[in-house]
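So you can see what is in the structure, the chains are spelled out below.
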Amino acid sequence: MREPIQIEDNGNAGYVHYSRAEIASTIDVRPDCAVAADVDADGDIVGIEFLSFDVEILECARVYAESHDLLFPMDIRKAVR
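Throughout what follows, the structure given in this document is the object of discussion. Throughout, a residue's number is its position along its own chain's written sequence, starting from 1. Given that this is a predicted model, residues contribute local features only at a pLDDT of at least 70 and side-chain atom pairs are listed and counted only at 80 or more, while totals for whole chains, interfaces and linings are drawn from all residues. Hydrogens and water are ignored here; the side-chain numbers use all heavy atoms of the structure.

1. Section: the pattern of salt bridges
When a carboxyl oxygen of Asp or Glu lies within 4 Å of a side-chain nitrogen of Lys or Arg, that pair is called a salt bridge. Summed over all chains, the structure comprises 2 salt bridges. We note a salt bridge from Arg62 to Glu59, for which the minimum N-O separation is 3.0 Å. Note that Arg62 and Glu59 are positioned in helix α1 (residues 55-67) at a spacing of 3 residues, about one turn of the helix. Under the relative-accessibility criterion, Glu59 is labelled partly exposed at 38%. Elements are defined by DSSP. Helices are runs of H or I of four residues or more, strands are runs of E of two residues or more, and each kind is numbered from the N terminus. Burial status follows relative accessibility: with a 1.4 Å probe on protein chains alone, a residue under 20% of its type maximum counts as buried, one over 50% as exposed, and anything between as partly exposed.

2. Concerning the pairing of strand β5 (residues 45-50)
β5 sits mainly inside the fold: 5 of its 6 residues count as buried. When DSSP finds at least two bridges between two strands, those strands are taken to pair. Inspection of the sheet shows strand β4 (residues 33-39) paired to β5 by 5 bridges, in the antiparallel sense. Across the sheet, Asp38 pairs through a bridge with Gly47, a residue of β5. A loop of 5 residues connects β4 with β5, the two strands running antiparallel in sequence, and Gly43 in this loop sits at a positive phi of about 85°.

3. Focus: the side chain of Asp38
Looking at where Asp38 falls in the secondary structure, it is placed in strand β4. Under the relative-accessibility criterion, Asp38 is labelled buried at 11%. Here a polar contact means two N or O atoms within 3.5 Å. Within protein one must be a hydrogen donor candidate and the other an acceptor candidate, and residues neighboring in sequence count only if both atoms are side-chain atoms. In terms of polar contacts, Asp38 uses its side chain to reach the side chain of Tyr15, at 2.6 Å. Here a residue-residue contact requires only that any non-hydrogen atoms of the pair lie within 4.5 Å. Contacts of Asp38, omitting those with residues within four sequence positions, involve Tyr15, Ile23, Ser25, Thr26, Asp44, Ile45, Val46 and Gly47.

4. Thoughts on unusual backbone geometry
Of all residues except glycine, most have a negative phi; of all peptide bonds, most are trans. A positive phi angle, close to 60°, is found at Asp69, a residue other than glycine. Following the sequence through the fold, Asp69 ends up in the loop between α1 and α2 (76-79).

5. Things to note about the packing of aromatic side chains
When the centres of two rings from Phe, Tyr and Trp lie within 6.5 Å, Trp using its six-membered ring, the rings pair. Their planes under 30 degrees apart give stacked, over 60 give edge-to-face, and anything left gives tilted. Counted under the stated rule, the structure contains 2 aromatic pairs. A centroid spacing of 5.3 Å and a plane angle of 85° characterise the contact between Phe50 and Phe53, whose relative ring orientation is edge-to-face. A residue is classified by how much of its surface remains accessible, and Phe53, at 16% relative accessible area, is buried. Taking 6.0 Å as the distance between ring centres and 70° as the angle between the ring planes, the aromatic pair formed by Phe50 and Phe72 counts as edge-to-face. Placement of the pair is Phe50 in strand β5 and Phe72 in the loop between α1 and α2, with a sequence separation of 22 residues. An aromatic cluster of at least three residues, connected via ring pairs, comprises Phe50, Phe53 and Phe72.

Here it is, written out as structure tokens:
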């Protein structure tokens, strides 16, 4: 069973935590998208970082999360409150 997600709002950027596992590496989600995923040694996603709350950036992060069967809040700003 997955742990509940935790969300950080760092002003202009954010991070969605999916696991407490140790981060083994970080991958860029797409070259044209300011979104990165931290993964553990098994390749499982530990968290997703987005460098802007821009609609297109958040959609990129959401699509990536959902393509890996992970939840991503529809309204990230409300989720961090």
